[in-house]
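One letter stands for each residue in the lines below.
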Amino acid sequence: MEQLSCKTVFSLNLPGGIHIDVSEAIVVTWIIMAVLILVSFILTRNLKIDHIGKRQAIAETIVTKLTGMVEKMVGPKGRAYVPYLTTVLIYLGLSNIIGLFGFKSPTKDVNVTIALAVMSIVLVEAAGIYHLGVKKWIHKFTEPIAIVTPFNILDLFTRPLSLCMRLFGNVLGAFVIMELIKIAVPVVLPAVFSAYFDIFDGLLQAYVFVFLTSLYISEEIE
């Protein structure tokens, strides 16, 4: 329960009587952001066109592989959304495995997964409005026949709920299973299962979240 609870690290008292509690999930997210910014800065200094060094080769490989993978998910028409989706993929991947370094994963906090899901759905619907126009976007709610309109509108709420709870539930479930394994068999087996639940499953959930968001965008802009 200690590991599952998301405590308040500090509070901000702003003018007008506004009180904001800053939780562990937010602080760990800031740490992940700082690490990503620092690594990006180190890898992208003094870029060259010819005779590139190992550092630039690593940076180009990472960017090419990740953006290529995401672009295959979202399709050629959704190329403009690749940078955002790639960033979310990296953030979620690090968030899900950061527990190995002694930090609490931000995705154990349902507020974080809700925020990510809402951001994704706002992007999906904005993409639909941008590519189709307001009239065609509204008309899509009546397709294939008008009687399904309530269900299509309901889909606006079930999609983010599905994204949120799938990510939160899988991360939480993996954590609980690992804790039970550590209690039942404290030697050897935890290290073996950690490779799956703490690393593979964490990276897999990041991929699934981005894949579903990409799928929704593709459907909207078709």
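Values in this document were obtained by computation on a predicted structure and should not be read as measured data.

### Let's talk about the overall build of the protein
Link 1 in the chain: The number of helices and strands found in the protein is 7 helices and 2 strands.
Link 2 in the chain: Reading the helices (α) and strands (β) of the protein from amino to carboxyl end gives β-β-α-α-α-α-α-α-α.
Link 3 in the chain: Each of the 222 residues in the protein was classed as buried or not, and the buried ones make up 35%.
Link 4 in the chain: Considering only intrachain contacts with a sequence separation of at least 6, the fraction spanning at least 24 residues in the protein is 61%.
Link 5 in the chain: Just so you have it, the protein exposes about 13,500 Å², and 72% of that area is on carbon and sulfur atoms.

### A word on the pattern of salt bridges
Link 1 in the chain: Evaluated as defined, the whole model comprises 6 salt bridges.
Link 2 in the chain: One salt bridge in this structure joins Glu71 and Arg79, with 2.9 Å as the shortest N-O distance.
Link 3 in the chain: The closest approach of N and O atoms between Glu219 and Arg159, which form a salt bridge, is 2.8 Å. You can see Glu219 sitting in helix H7 (residues 189-221) and its partner Arg159 sitting in helix H6 (residues 149-184), a full 60 residues away along the chain.
Link 4 in the chain: A relative accessible area of 36% places Glu219 in the partly exposed class.

### A short note on the side chain of Glu125
Link 1 in the chain: Locating Glu125 in the fold gives a position in helix H4 (residues 110-132).
Link 2 in the chain: Buried and without a salt bridge, Glu125 has Arg159 as its closest oppositely charged side chain, separated by 4.3 Å.
Link 3 in the chain: Excluding anything up to four places from it in sequence, Glu125 contacts Trp137, Leu156, Arg159 and Glu220.

### A look at the confidence of the model for the protein
Link 1 in the chain: Per-residue confidence for the protein gives a mean pLDDT of 87; residues scoring 70 or more make up 98%.
Link 2 in the chain: Taking the mean pLDDT of every element in the protein, the minimum, 82, falls on strand E1 (residues 8-14) and the maximum, 92, on helix H3 (residues 82-97).

### A short note on the pairing of strand E2 (residues 18-23)
Link 1 in the chain: The pairing of E1 with E2 spans 6 bridges and is antiparallel. Bridge pairing links Phe10 to Val22 in E2.

### Some details on the packing of aromatic side chains
Link 1 in the chain: Within this structure, the stated rule accounts for 3 aromatic pairs.
Link 2 in the chain: Ring plane angle 10° and centroid distance 6.2 Å describe the contact between Tyr207 and Phe211, whose orientation is recorded as stacked. On the criterion of helical spacing, the pair formed by Tyr207 and Phe211 is a turn pair, its members being 4 residues apart in helix H7.
Link 3 in the chain: Its relative accessible area of 34% is what places Tyr207 among the partly exposed residues.
Link 4 in the chain: Note on Phe211: relative accessible area 34%, which makes it partly exposed.
Link 5 in the chain: Looking at Lys108, its charged tip hangs above the ring of Phe175, at a distance of 3.7 Å from the centre.

### Some details on the environment of Asp198
Link 1 in the chain: Locating Asp198 in the fold gives a position in helix H7.
Link 2 in the chain: Distance in space between the C-alpha atoms of Asp198 and Ile221 is 35 Å, their sequence separation being 23 residues.
Link 3 in the chain: When near neighbours in sequence (up to four residues on either side) are disregarded, Asp198 contacts Asn96, Ile97, Leu100, Met178 and Phe193.

Cut-off values and rules
Residues numbered from 1 in each chain as written. Predicted model: local features only at pLDDT ≥ 70, side-chain atom pairs only at ≥ 80, totals over all residues. Heavy atoms only, no water. Helix = DSSP H or I, 4+ residues; strand = E, 2+ residues; numbered from the N terminus. Buried < 20%, exposed > 50% of the residue type's maximum accessible area, 1.4 Å probe, protein only. Contact = heavy atoms within 4.5 Å. Areas by Shrake-Rupley, 256 points an atom, 1.4 Å probe, with all protein chains shown as cover. Salt bridge = Lys/Arg side-chain N within 4 Å of Asp/Glu carboxyl O. Lys, Arg positive; Asp, Glu negative; His and termini not counted. pLDDT = per-residue confidence, 0-100. Pairing = 2+ DSSP bridges. Phe/Tyr/Trp six-rings, centres within 6.5 Å; stacked < 30°, edge-to-face > 60°. Lys NZ or Arg CZ within 6 Å of the ring centre and 35° of its normal.

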